[in-house]
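A structural walkthrough
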Amino acid sequence: MKLKNVLVALAAVAAASAAQAADKLSVAATAVPHAEILEFVKPQLMEQGVDLDVKVFTDYVQPNIQVDQERMDANFFQHQPYLTEFNDGRGTSLVSVVGVHVEPFGAYSSKIESLDELTEGATIAIPNDPTNGGRALLLLQQAGVITLEDSSKITATPRDIADNPKDLEFYELEAATLPRVLDQVDVAMINTNYALEAGLNPSEDALIIEGAESPYVNILVSREDNKDSEAMQKLADALTSEAVKGFIEEKYEGAVVPAF
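Computed from a prediction, not measured in an experiment: that's the story for all the values here.

Side note on the sheet that holds strand E4 (residues 95–102)
In a beta sheet, neighbouring strands are held together by backbone hydrogen bonds and run either parallel or antiparallel to one another. Spatial ordering of the open sheet is given by E2-E1-E3-E12-E4-E13, a layout of 6 strands whose pairing is mixed. With partners counted over all chains shown, the strands left at the sheet margins are strand E2 (50–57) and strand E13 (257–258), one partner each. When strand E1 (residues 23–30) meets strand E3 (residues 74–79), the two strands line up parallel, connected through 3 bridges. Paired with Val27 across the two strands is Ala74, which belongs to E3.

Comments concerning a negative patch on the surface
Judged by side-chain charge, Glu204, Asp205, Glu250 and Glu253 come together as a negatively charged surface patch. Here Glu204 shows up in helix H7 (residues 202–205).

Re the packing of aromatic side chains
One pass over the full model with this rule turns up 7 aromatic pairs. The interplanar angle of 15° and the centroid separation of 4.3 Å between the aromatic rings of Phe40 and Phe247 together place this pair among those described as stacked. Here Phe247 lies in helix H9 (residues 242–252) and Phe40 lies in helix H2 (residues 31–47), a separation of 207 residues in the sequence. With centroids separated by 6.3 Å and ring planes inclined at 35°, the aromatic side chains of Tyr82 and Phe86 adopt a geometry described as tilted. With Tyr82 and Phe86 both in helix H4 (residues 80–90) and 4 residues apart, this pair spans about one turn of that helix.

Here we look at the nonpolar core
Grouped together as the largest cluster of nonpolar side chains are 30 residues, with contacts concentrated most on Leu38, Leu52, Leu220, Leu235 and Leu239. Once you skip the residues sitting within four places of it in the chain, Leu239 turns out to touch Ile37, Leu38, Val41, Phe76, Val100, Leu220, Val244 and Phe260. Counting 24 residues, the second-largest nonpolar core is a separate cluster that includes Phe105, Ile126, Ala136 and Leu139.

Concerning the pattern of salt bridges
Between side chains of opposite charge, a pair can form as their charged atoms come close. Going through the model one piece at a time under the given rule, you end up with 6 salt bridges. Between Lys24 and Asp51 there is a salt bridge, with the nearest N and O atoms lying 2.8 Å from each other. Here Lys24, found in strand E1, pairs with Asp51, found in strand E2; they are 27 residues apart in sequence, far enough to count as distant. Residue Lys24 is classed as exposed on the basis of its relative accessible area of 62%. Exposure remark for Asp51: the relative accessible area of 18% places this residue in the buried category. Residue Glu210 is joined to Arg135 by a salt bridge in which the shortest nitrogen-to-oxygen separation is 2.6 Å. On the criterion of sequence distance, the pair formed by Glu210 in the loop between strand E11 (208–209) and strand E12 (217–222) and Arg135 in helix H5 (residues 130–142) is long-range, its members being 75 residues apart. Across the pair, Arg135 and Glu210 agree in class, each one buried.

Remarks on the sheet that holds strand E6 (residues 123–127)
As summarised here, the arrangement of the 5 strands in space is E9-E6-E10-E5-E11, forming an open sheet in which the pairing is mixed. Both outer strands of the open sheet, strand E9 (169–173) and E11, are each paired with one neighbouring strand and no more. Note that E6 and E9 share 5 bridges and pair parallel. Its bridge partner being in E9, Thr123 is matched across the sheet by Glu169.

Looking at helix H8 (residues 230–239)
Listed in full, the buried residues belonging to H8 are Ala231, Met232, Leu235, Ala236, Ala238 and Leu239. Down the axis of H8, the sector holding all buried residues measures 165°, keeping them to one side. Residues Glu230 and Asp237 are exposed on H8 and point more than 90 degrees away from its buried face.

Quick notes on the packing of H2 against H9
Running from N to C, H2 and H9 cross one another at 135°; their axes reach a closest spacing of 11 Å. The angle between H2 and H9 falls in the class oblique. With respect to the hand of their crossing, H2 and H9 are arranged in right-handed fashion. Where H2 abuts H9, its residues Val32, Pro33, Glu36, Ile37, Phe40 and Val41 lie against Ala243, Val244, Phe247, Ile248, Lys251 and Tyr252. Looking at the contact of H2 with H9 residue by residue, the class counts come to 10 nonpolar, no polar and 2 charged.

Scoring rules and cut-offs
Residues numbered from 1 in each chain as written. Predicted model: local features only at pLDDT ≥ 70, side-chain atom pairs only at ≥ 80, totals over all residues. Heavy atoms only, no water. Pairing = 2+ DSSP bridges. Helix = DSSP H or I, 4+ residues; strand = E, 2+ residues; numbered from the N terminus. Patch = residues over 30% accessible without salt bridge, like charges linked within 9 Å, V, L, I, M, F, W, Y side chains within 5 Å. Areas by Shrake-Rupley, 256 points an atom, 1.4 Å probe, with all protein chains shown as cover. Salt bridge = Lys/Arg side-chain N within 4 Å of Asp/Glu carboxyl O. Lys, Arg positive; Asp, Glu negative; His and termini not counted. Charge placed at Lys NZ, Arg CZ, Asp CG, Glu CD. Phe/Tyr/Trp six-rings, centres within 6.5 Å; stacked < 30°, edge-to-face > 60°. Core = buried A, V, L, I, M, F, W, Y, C linked by side-chain atoms within 4.5 Å. Buried < 20%, exposed > 50% of the residue type's maximum accessible area, 1.4 Å probe, protein only. Contact = heavy atoms within 4.5 Å. Arc of directions from axis to C-beta. Axes fitted to C-alpha atoms, helices over the stretch in contact; angles between N-to-C directions. Parallel < 35°, antiparallel > 145°, perpendicular 65-115°, else oblique. Left-handed = near helix turned anticlockwise from the far one by under 90°. Nonpolar A, V, L, I, M, F, W, Y, C, P; charged D, E, K, R; others polar.

Any functional reading would require information that these geometric values do not contain.
What follows is the structure, encoded as structure tokens:
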């Protein structure tokens, strides 16, 4: 066998051995930006002996269930208020590993160009989960559209609205469906990951949007039993690296903001 062929064969064996020896780490994520960020760090982690398996989900419930039932090792899609509400409601005990980025929440419309154009009885769609629904209402309150009974309640629902001068009608829908109803309502309050998936540019298309000071930092989440594993900590370090900061800033141009 020629020397070149021998070297190629040895390289293939070494690569196969490295892959076999790598610690496998499965992470559930929503497509944008979470899965994209995870795919960005995947080669770096492989060099460190971690084989990252990213599985994309389109909802906010299954990723937590999959981790709690030990079908996945971690997930990356949510902020701490949502995780707290989920744990309280489902009796789970998932934990935050590290905070990575903020996705400023925004209001979008295909019918008006300013919230000042909202007419009597206009329709507004918001997420139907307590934390993101409350987040939407807090943003509308900040914009002067409504007033809540408790101006700081992060799990507010339309029933907590104290003053609704234009008698706006609120529809609570699954967060993932909100971009698809833009032409059916006057305003839809959309999480940035779903806005990006729908081809919206939050920094240009949102009527109002949270600032970078938002407390809703998206976090890597795991179970207590694997939070401190070597593979998980390598992933946490990779997600908060200067390389990821640069990737986020360049790719999302302010629609996603590093939180580290």
